[in-house]
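Below, each chain spelled out in residue letters.
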Amino acid sequence: MIEVGNIVTLENNVEYLILEELDHEGKKYVYTVRTLEDETPTDEFVIYEVIKVDDDSYLKDIDNKELYDELIEEFKDIVADKILSGDLDEMEAMIDTEEEAA
């Protein structure tokens, strides 16, 4: 399932953690970070378009640089809003708690 917090595996067996999502002009996009086999995040961040086919969802590369740049700015705004509202701190605390329990 493609939703925030889940790790998805692409056809090339590369895994990405979904960090954030947004709707832009009627389409859904996700901000991701590539993860290693042990789910450790890397420094490779990518935005994908979510494509629905029947009951399945797939990630599609974004080829349009102008659109990609617009999406980067929108994702920055989402993260900034979460920082200001304190939601990001709550999310980080929840992740830390889960890691300690593991």
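Above this text sits the structure in question.
The rules we used
- Residues numbered from 1 in each chain as written.
- Predicted model: local features only at pLDDT ≥ 70, side-chain atom pairs only at ≥ 80, totals over all residues.
- Heavy atoms only, no water.
- Salt bridge = Lys/Arg side-chain N within 4 Å of Asp/Glu carboxyl O.
- Helix = DSSP H or I, 4+ residues; strand = E, 2+ residues; numbered from the N terminus.
- Buried < 20%, exposed > 50% of the residue type's maximum accessible area, 1.4 Å probe, protein only.
- Contact = heavy atoms within 4.5 Å.
- Polar contact = N/O pair within 3.5 Å; in protein donor to acceptor, adjacent residues only side chain to side chain.

Caption draft 1: Spatial organisation of the pattern of salt bridges. Per the stated rule, a full pass over the model turns up four salt bridges. Here Asp69 ties to Lys65 by a salt bridge, and the two come within 2.8 Å at their closest N and O atoms. Placement of the pair is Asp69 and Lys65 together in helix α1 (residues 65-85), with a separation of four residues, close to one helical turn. For Lys65, a relative accessible area of 60% puts it in the exposed group. When the shortest N-O distance is used, the salt bridge between Glu73 and Lys76 registers 3.4 Å. Linking Glu73 with Lys76, this pair stays in helix α1, spanning three residues, or about one helical turn. Among the residues examined, Lys76 registers a relative accessible area of 49% and is labelled partly exposed.

Caption draft 2: Seen up close, the environment of Ser57. Relative to the elements of secondary structure, Ser57 occurs in strand β5 (residues 56-60). Residue contacts for Ser57: discarding those within four places in its chain leaves Ile2, Val50, Ile51 and Lys52. In terms of polar contacts, Ser57 uses its side chain to reach the side chain of Lys52, at 3.4 Å.

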